[in-house]
Amino acid sequence: MNVLGIESSCDETAAAVVVDGRRILSSVVASQIAVHHPYGGVVPELASREHVEAIAPVVAQALAEAGLTADHIDGVAVTQGPGLVGCLLVGFCFAKAYAFARGLPWVGVDHLAGHLYSVLLAEPAPRFPFVALLASGGHTAIYHMEALGRYTMLGQTRDDAAGEAYDKVAKMLGLGYPGGEIIDRLAAQGDPRRFLFTRPYLDKSQSDFSFSGLKTAVYRHIREYPPATAQDHADIAAGFQEAVVDVLVHKLLYAAAAIRCPRVALVGGVAANRGLRERLSADAAFKGIEVYIAPLSLCGDNAAMIAAMGYHSLKSGASSSLDADVYSRSPKPAAPESKEGSGK
Ligand code: KG4
Ligand code: ZN
């Protein structure tokens, strides 16, 4: 089954064609970084407008790169939420109209569920059950992935998401947006032991996180000792990253050990972080735990993960109704749709 995936929840317009929820024929991502960069963060109204301009060309490019025409598409999967409503609506309405015009089934997919299942597109993919850390710009949480469509949240951040902390610290250091990748690169040149920042919740046994204290600690440090040299910037970035990585890796491995699960997975935008990938692999190997990390191209927002996730719903005969709506927040990632559901 060839599924066309569409994603527009934040600042990336993406479309992909995935065969049988596993083989990616194309995955096109049009980034809006240049548009939002001068503002140091995503400007929702600008983001929606950019999506309107990009959506049709991006879908056309995804079909062309897959070597297919619209006649070869068997179903459409689109992000329904959570995200910025104005942005979600662009992809969602496009997908509805596309499916309606061509008489195709379509399903709304939860963005977080898409991220969680992105690791199933890795080679090799993890077997169920596994414990997954989803760390992105809007969410940081740990899930027990029991089976396809069955998973429970074990813990989540009580304030900022890990990616949000990266973006805010990058802004404090005047490094630009989005901050994660910039800090990641800078941290590789810094000394993580020169400035030791707080590790919030590291001592707590539960799987919850908190990153606002760390963010404040970096802010206070910068105010008291303004970085003067490139090395100062790199050392602050390295110290901050070391604190984030310590907490994320410890919590994920602790959560897996607590339920005696021998496999962990890392997904979401922050999963692209080199320091995090390396440390998780090393610490898990030491503990005899298998590690699966989403492919680099599928860590950030993309439509391949949405198509892969939607495939399982479409395969079971699900199709969302035309009056389904987007949602800005969800209490937890929705399971793949049942035949009656709309994915909410
Ligand atoms: O998953 P994603 O693309 O969008 C959301 O669903 O939020 O994640 C974006 C977040 C941003 O906060 C960005 O700074 C962070 O992922 N990020 C990184 C890296 N690349 C992106 N954080 C740390 N290291 C990276 N290499
Ligand atoms: Zn995302």
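Located above this text is the structure these notes cover.
Predicted model only: the values in this text are computed from it and were never measured.

S.K.: What am I meant to see in the packing of aromatic side chains here?
M.R.: By convention here, two paired aromatic rings are described through the distance between centres and the angle between planes. Summed over all chains, the structure comprises seven aromatic pairs. The interplanar angle of 25 degrees and the centroid separation of 6.1 Å between the aromatic rings of F94 and Y98 together place this pair among those described as stacked. A residue pair is termed a helical-turn pair when its members lie 3 or 4 positions apart in one helix, as F94 and Y98 do in helix α3 (residues 85–102) at four residues. In this structure Y98 comes out as buried when scored by relative accessible area, which is 13%. Plain terms: the ring middles of Y166 and F240 are 5.0 Å apart, the flat faces sit at 80 degrees to each other, and that makes the pair edge-to-face. With a gap of 74 residues between them, Y166 in helix α5 (residues 162–172) and F240 in helix α8 (residues 230–258) connect regions that are remote in the sequence. The pair formed by Y166 and F240 is uniform in burial state, with each residue classed as buried. The structure contains a cluster of three or more aromatic residues connected by ring pairs, namely Y117, Y143 and Y151.

S.K.: Is there a simple way to explain the coordination of the zinc ion (ligand 2) in this structure?
M.R.: Ideal geometry at a metal centre: 109.5 degrees between donors when four sit tetrahedrally, and 90 or 180 degrees when six sit octahedrally. Looking at the zinc ion (ligand 2), one finds its protein donor set to be H111 (NE2), H115 (NE2) and D301 (OD), positioned 2.0 to 2.1 Å from the metal centre. Coordination at the zinc ion (ligand 2) comes from four donor atoms whose angles at the metal span 97 to 130 degrees, giving a geometry best classed as tetrahedral. Taken in chain order, the donor set of the zinc ion (ligand 2) reads H-x3-H-x185-D. Of this pair, H115 sits in helix α4 (residues 111–118) while D301 sits in the loop between β10 (290–293) and α10 (304–315), and the two are 186 residues apart along the sequence. Like H115, the residue D301 is buried in the burial classification.

S.K.: What is the right way to look at the side chain of K96 in this model?
M.R.: Looking at where K96 falls in the secondary structure, it is placed in helix α3. The side chain of K96 is buried and forms no salt bridge, while D325, the nearest opposite charge, is found at 5.9 Å. In this structure K96 touches W106, L322, D323 and A324, once residues within four positions along its chain are discounted.

S.K.: What should I look at first to understand the site of ligand 1 in this one?
M.R.: In the region of ligand 1, 19 residues are neighbours, and G137, D167, G180, D184 and N273 sit closest. Between ligand 1 and the protein, one listed contact pairs an oxygen atom with a backbone N or O atom of G138 at 3.3 Å. One nitrogen or oxygen atom from the side chain of N273 is found 2.9 Å from a nitrogen atom belonging to ligand 1. Listing elements by their share of the shell around ligand 1, those giving two or more residues are α4, α5 and α6 (179–187). If one sorts the elements of the shell around ligand 1 by residue count, α6 sits on top with four residues. Per-class residue counts for the shell around ligand 1 are four nonpolar, eleven polar and four charged. Split by domain, the shell around ligand 1 shows at least three residues from each of two domains, domain 1 (2–116 + 301–315) and domain 2 (126–293).

S.K.: Honestly, the environment of A99 in this entry has me stumped. Any pointers?
M.R.: You can see A99 is positioned in helix α3. Along the primary structure A99 and I6 are separated by 93 residues, whereas in three dimensions their C-alpha atoms are 12 Å apart. Among residues more than four places away in sequence, those in contact with A99 are V76, L104 and W106.

S.K.: Got a minute to help me understand the pattern of salt bridges in this structure?
M.R.: Pairing between side chains of opposite charge can happen when their charged atoms approach one another. Tallying each qualifying case throughout the model produces 14 salt bridges. Between R102 and D71 there is a salt bridge whose closest N-O contact spans 2.4 Å. Of this pair, R102 sits in helix α3 while D71 sits in the loop between α2 (44–66) and β4 (75–81), and the two are 31 residues apart along the sequence. Note on D71: relative accessible area 62%, which makes it exposed. For R158, the salt bridge goes to D208, with nearest N and O atoms at 2.9 Å.

S.K.: Would you explain the pairing of strand β5 (residues 106–110) in this entry?
M.R.: Along any regular strand the residues' side chains alternate between the sheet's two faces. Of all five residues that make up β5, five are buried, and the element is covered over most of its length. Once the chain exits β4 it traverses α3 before rejoining the sheet at β5, and the crossover so formed is right-handed.

S.K.: Where do I start with the layout of surface pockets in this structure?
M.R.: Empty space left among the atoms is revealed by rolling a probe the size of a water molecule over them. Each pocket or cavity is described by its volume, and for the second largest pocket that value is around 250 Å³. Around the second largest pocket, the lining comprises 13 residues; the ones closest to its centre are Q241, E242, R274, G275 and E278. Secondary-structure elements contributing two or more residues to the lining of the second largest pocket are α6, α8 and α9 (274–287). In terms of residue class, the lining of the second largest pocket is built from five nonpolar, three polar and five charged.

S.K.: Would you take a moment to explain the sheet that holds strand β2 (residues 12–19) for this structure?
M.R.: One key point about sheets: their strands pair by backbone hydrogen bonds, in either a parallel or an antiparallel sense. Read across the sheet, five strands follow the order β3-β2-β1-β4-β5 without closing on themselves; strand pairing throughout is mixed. A single partner strand is all that each edge strand has here, and the edge strands are β3 (23–31) and β5. Neighbouring strand axes in the sheet, compared pairwise and without regard to direction, differ in orientation by 20 degrees on average. Across eight bridges, β2 lies against β3 in antiparallel orientation. By the bridge assignment, E12 is partnered in β3 with S31. Sheet strands in contact with α3 are β1 (2–7), β4 and β5, and its direction is about 155 degrees off that of β4. In this fold α4 packs onto β1, β4 and β5, with an angle of close to 80 degrees to the strand it touches most, β5.

Rules used throughout
Residues numbered from 1 in each chain as written. Chains lettered and ligands numbered in written order. Predicted model: local features only at pLDDT ≥ 70, side-chain atom pairs only at ≥ 80, totals over all residues. Heavy atoms only, no water. Phe/Tyr/Trp six-rings, centres within 6.5 Å; stacked < 30°, edge-to-face > 60°. Helix = DSSP H or I, 4+ residues; strand = E, 2+ residues; numbered from the N terminus. Buried < 20%, exposed > 50% of the residue type's maximum accessible area, 1.4 Å probe, protein only. Donors = N, O, S within 2.8 Å, 3.2 Å for Na, K, Ca; no water. Tetrahedral: all angles 85-135°; square planar, octahedral: opposite > 155°, others 65-115°. Lys, Arg positive; Asp, Glu negative; His and termini not counted. Salt bridge = Lys/Arg side-chain N within 4 Å of Asp/Glu carboxyl O. Contact = heavy atoms within 4.5 Å. Near = heavy atom within 4 Å. Polar contact = N/O pair within 3.5 Å; in protein donor to acceptor, adjacent residues only side chain to side chain. Nonpolar A, V, L, I, M, F, W, Y, C, P; charged D, E, K, R; others polar. Domains from an automatic or database assignment. Right-handed = clockwise from strand over helix to strand, strands pointing away. 1 Å grid on protein atoms, 1.4 Å probe; cavity = no way out; pocket = protein on both sides within 12 Å on 5 of 7 lines; lining within 4 Å. Points joined across faces, edges and corners; volume = space filled by probe spheres on them. Pairing = 2+ DSSP bridges. Axes fitted to C-alpha atoms, helices over the stretch in contact; angles between N-to-C directions.

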